[in-house]
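Each chain is listed here by its residues.
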Amino acid sequence: MKKDLNRCKGMPGVILGLGCRPGTPVAALERALGEGLTRVGLGPEAVQGVATIDRRGEEAGIKDLCRGHAWPLWCYPAQVLARVPVPHPSAALRRRLGTGSVAAAAALLAAGAPVRDLLLERHVYRDGEGQVVVAVARLPDMGAG
């Protein structure tokens, strides 16, 4: 699925994993992903798509974010995300949503990447408009030609 994505030569392609509260506006998502990408030294041009939990797939902010950047969106059920190994799963999140990770697990799953390709496990952004968790997973190197 990700093997046919076009990436700039020499630039790592990444998948953003997002977790957010319902109703988080696109402006808060943009600020959160900007901070998260800055932490790993990348810009939005490296992003090849966004992944999240299925219950956030219809959120207007996430849909607007993906539409505005022409990024595909992958959404996964909690029981699928729960099977993805992540470095620091949250017991509280597991009790609330049925998975110990949303952002990191979704990013790794969409990227088809092992945990070692998780460039940013968790960046939490909070402001008056919402709370967003951003994770960044590198797409595996597809090899030359």
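Residues numbered from 1 in each chain as written. Predicted model: local features only at pLDDT ≥ 70, side-chain atom pairs only at ≥ 80, totals over all residues. Heavy atoms only, no water.

1. Thoughts on the overall build of the protein chain
Alright, step 1. Across its full length, the protein chain carries 5 helices and 5 strands.
Alright, step 2. Element order for the protein chain, N to C, with α for helix and β for strand: β-α-β-α-β-α-α-α-β-β.
Alright, step 3. Counting all 145 residues of the protein chain, 48% fall into the buried class.
Alright, step 4. Considering only contacts in the protein chain between residues 6 or more positions apart, those separated by 24 or more positions represent 67%.
Alright, step 5. Here the protein chain has roughly 7,300 Å² of accessible surface; of this, 51% comes from carbon and sulfur atoms. (Helix = DSSP H or I, 4+ residues; strand = E, 2+ residues; numbered from the N terminus. Buried < 20%, exposed > 50% of the residue type's maximum accessible area, 1.4 Å probe, protein only. Contact = heavy atoms within 4.5 Å. Areas by Shrake-Rupley, 256 points an atom, 1.4 Å probe, with all protein chains shown as cover.)

2. Thoughts on the packing of helix α1 (residues 26-39) against helix α2 (residues 60-69)
Alright, step 1. Packing of α1 against α2 brings their axes to within 8 Å, and their N-to-C directions diverge by 65°. Judged by the sense of rotation from one axis to the other, the crossing of α1 with α2 is right-handed. Along its contact with α1, which presents V26, L29, E30 and L33, the element α2 presents G61, I62, D64, L65 and H69.
Alright, step 2. Taken together, the residues of the contact of α1 with α2 sort by class into 5 nonpolar, 2 polar and 2 charged. (Axes fitted to C-alpha atoms, helices over the stretch in contact; angles between N-to-C directions. Left-handed = near helix turned anticlockwise from the far one by under 90°. Nonpolar A, V, L, I, M, F, W, Y, C, P; charged D, E, K, R; others polar.)

3. Some details on the layout of surface pockets
Picture a little ball the size of a water molecule; that probe, rolled over the atoms, points out where space is still empty.
Alright, step 1. Put simply, the largest pocket is a space of about 520 Å³.
Alright, step 2. If you trace the largest pocket, you find 26 residues lining it, with L93, R96, R122, Q131 and V133 closest to the centre.
Alright, step 3. When contributions to the lining of the largest pocket are tallied by element, the ones reaching two or more residues are β1 (14-20), α4 (91-97), α5 (103-111), β4 (118-127) and β5 (130-138). (1 Å grid on protein atoms, 1.4 Å probe; cavity = no way out; pocket = protein on both sides within 12 Å on 5 of 7 lines; lining within 4 Å. Points joined across faces, edges and corners; volume = space filled by probe spheres on them.)

4. Thoughts on the environment of C66
Alright, step 1. Tracing the backbone shows C66 in helix α2.
Alright, step 2. Classification of C66 by relative accessible area gives buried; the value is 4%.
Alright, step 3. Taking the C-alpha atoms as reference, C66 lies 7.7 Å from G49; in sequence the two are 17 residues apart.
Alright, step 4. Excluding anything up to four places from it in sequence, C66 contacts V50, W71, P72 and L73.

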